[in-house]
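# Structural overview
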Amino acid sequence: MNTELVLFGVFAVMTLVSAGLVITARSPINSAMALVSTFFFLAGIYVLLWAHTVAVMQVLVYAGAIMVLFLFVIMLLNLGEAAHRGRPTVTRILGGASAFGLLAVLAVTLGRTQALPAQMSAEVQGKFGTMAAIGESIFTTWLLPFEAVSLLLLVAMVGAVVVAKSRI
Amino acid sequence: MVPITYYLLLAAALFCMGMFGVLVRTNALVVFMCVELMLNAVNLTFLAFARMHGALGGGPNAVFGVGHVSAFFVIAVAAAEAAIGLAIVIAVFRSRGSVNVDDIRTMKH
């Protein structure tokens, strides 16, 4: 048993437990808190994949900004526990079953594949997943998509104000 | 060294849990949280494949870290989606007084 496998096991189990709490919690605030812990454990998994920059962004953007947005909306709407569970309609039962079906298909397919992490030279290993390498990639090869994303964020910002404001 | 398959299996499980939540839960906010779960599963897949391929098959900056850049873009799009989605939830709550997806059926015929 090596340390990496043990860490992966701990983070994976905690991620799945937190995700299970997100979808089973009765009150939205409990769901939101479970989602925060899911994001933190996922950031740990990202670090195990040598993606430490993305892990930091995950904590800053997801666990920080997006979850604050969620909590503010829950607070504004003053949502308590759901008075009644959703009725088990046919669509709902079929939807839940199809999620399990997709999981079974994916598990069987992925169980047959063998994929190992790449062996990297010392030079590549030193650059992999660093802010410098990702920044270089973004500002050379992916410059146009990056600018498109900034435009998208601007549109989302204006759109959110227009949609949520009662009178303009 | 942990096989990439384990990471992909974890991502598949996370995606299916998110999908289950989206299809089964009635609270619109929880549905949004489950969408975030699915987006995170996709991110995990991108990063797992980036680790699987390393920097092979690319020039000095051609495809280096393309998985990480994709994950970055997914995070940015998720932020935009959350802002717009929550604004819509607030607008719907203001006009109907409920965020239950069963009550929102004006466009259903």
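Everything numeric here is computed off the predicted structure, so don't read it as measured data.

Each value, and the rule that gives it
- The numbering scheme is per chain: residues are counted from 1 as the chain's sequence reads.
- Chains and ligands are labelled by the order in which they are written, letters from A for the one and numbers from 1 for the other.
- Per-residue local features of the predicted model are confined to residues with pLDDT of at least 70, and side-chain atom pairs are confined, for both listing and counting, to 80 or more; whole-chain, interface and lining totals are unaffected and use all residues.
- Values reported for side chains reflect all heavy atoms of the structure, with hydrogen atoms and water molecules removed beforehand.
- We call two residues in contact whenever any of their non-hydrogen atoms come within 4.5 Å of each other.
- By definition, the buried area sums, over both parts, the 1.4 Å-probe accessible area that each loses when the two are put together.
- When a carboxyl oxygen of Asp or Glu is within 4 Å of a side-chain nitrogen of Lys or Arg, the pair counts as a salt bridge.
- Identification of polar contacts relies on pairs of N or O atoms within 3.5 Å, with a donor-acceptor requirement for protein atoms, meaning one able to donate a hydrogen and the other able to accept it, and with residues adjacent in sequence counted only if both atoms are side-chain atoms.
- Here a helix means four or more residues in a row that DSSP labels H or I, a strand means two or more in a row labelled E, and each is numbered from the N terminus.
- The residue classification treats Ala, Val, Leu, Ile, Met, Phe, Trp, Tyr, Cys and Pro as nonpolar and Asp, Glu, Lys and Arg as charged. All others, Gly included, are polar.
- Each patch is built from residues that are more than 30% exposed by relative accessible area and take part in no salt bridge. Like charges join if they lie within 9 Å; nonpolar side chains (Val, Leu, Ile, Met, Phe, Trp, Tyr) join within 5 Å.
- Methods summary: accessible areas were calculated by the Shrake-Rupley approach with a probe of 1.4 Å, and residue burial reflects only the protein chains presented.
- Segmentation into domains, and thus their bounds, comes from an automatic or database assignment.
- Lines are fitted to the C-alpha atoms to define the axes, a helix being fitted only along its stretch in contact, and any angle between axes, read from their N-to-C directions, falls within 0 to 180 degrees.
- Between 65 and 115 degrees an angle is taken as roughly perpendicular, under 35 as roughly parallel, over 145 as roughly antiparallel, and anywhere else as oblique.

### Side note on the interface of chain A and chain B
Facing 86 residues of chain A, the contacting portion of chain B comprises 74 residues. Of the roughly 7200 Å² buried between chain A and chain B on both sides combined, carbon and sulfur atoms contribute 77%. When the buried area of chain A at its contact with chain B is split by residue, Ile 23, Leu 49 and Arg 92 of chain A rank highest and sum to 10% of it. In this structure, Asp 102 of chain B and Arg 92 of chain A form a salt bridge, with 2.9 Å as the shortest nitrogen-oxygen distance. Inspection of the chain A/chain B interface yields 8 residue pairs in polar contact (both at pLDDT 80 or more). For the side of chain A that touches chain B, the secondary structure elements donating two or more residues are helix H1 (3-24), helix H2 (28-48), helix H3 (52-77), helix H4 (90-112), helix H5 (122-127), helix H6 (131-140) and helix H7 (143-164) of chain A. When residues of the side of chain A that touches chain B are assigned to their parent elements, the largest contribution, 12 residues, is made by H3 of chain A. Each residue belonging to the side of chain A that touches chain B can be placed in one class, and the counts come to 58 nonpolar, 21 polar and 7 charged.

### Considerations on a nonpolar patch on the surface
Taken together, the side chains of Val 6, Val 10, Val 13, Met 14, Val 17 and Leu 21 of chain A define a hydrophobic patch exposed on the protein surface, amounting to about 480 Å² of accessible area. Note that Val 13 of chain A resides in helix H1.

### Comments concerning the domain arrangement of chain A
Residue and element names in this part refer to chain A. By domain assignment, chain A separates into domain 1 (1-81) and domain 2 (119-168). Distance from the C-alpha centre of domain 1 to the C-alpha centre of domain 2: 21 Å. Counting from both sides, the interface comprises 5 residues of domain 1 and, opposite them, 7 residues of domain 2. For the pairing of domain 1 and domain 2, the buried interface totals around 470 Å² over both sides, and the portion due to carbon and sulfur atoms is 69%. In terms of surface lost to domain 2, no three residues of domain 1 exceed Trp 50, His 52 and Thr 53, which account for 87% of the buried area on that side. Along the contact surface separating domain 1 from domain 2 lie 0 salt bridges.

### So, the packing of H3 of chain A against helix H2 (residues 28-53) of chain B
Any two packed helices are characterised by how steeply their axes cross, that is the angle between the axes, and by the distance between the axes. Close contact between H3 of chain A and H2 of chain B brings their axes to 12 Å; oriented N to C, the two are set at 175°. Between H3 of chain A and H2 of chain B, the angle falls in the class roughly antiparallel. Between H3 of chain A and H2 of chain B, the contacting residues are Val 54, Gln 58, Tyr 62, Ile 66, Phe 70, Val 73, Ile 74 and Leu 77 of chain A on the first element and Leu 29, Phe 32, Met 33, Glu 36, Leu 39, Asn 40, Asn 43 and Leu 47 of chain B on the second.

### A few points about unusual backbone geometry
Leaving glycine out, the prevailing phi sign among residues is negative, and the prevailing peptide bond configuration is trans. One non-glycine residue with positive phi stands out, namely Trp 50 of chain A, at about 65°. Along the chain, the position of Trp 50 of chain A falls in the loop between H2 and H3.

### What to know about the environment of Ile 45 of chain A
Turning to its location among the elements, Ile 45 of chain A is positioned in helix H2. Considered as a pair, Ile 45 of chain A and Gly 9 of chain A are 36 residues apart in the sequence and their alpha carbons are 9.6 Å apart. Beyond its immediate stretch of four places on either side in the chain, Ile 45 of chain A contacts Phe 8, Phe 11, Ala 12 and Thr 15 of chain A together with Tyr 7, Leu 10 and Leu 44 of chain B.

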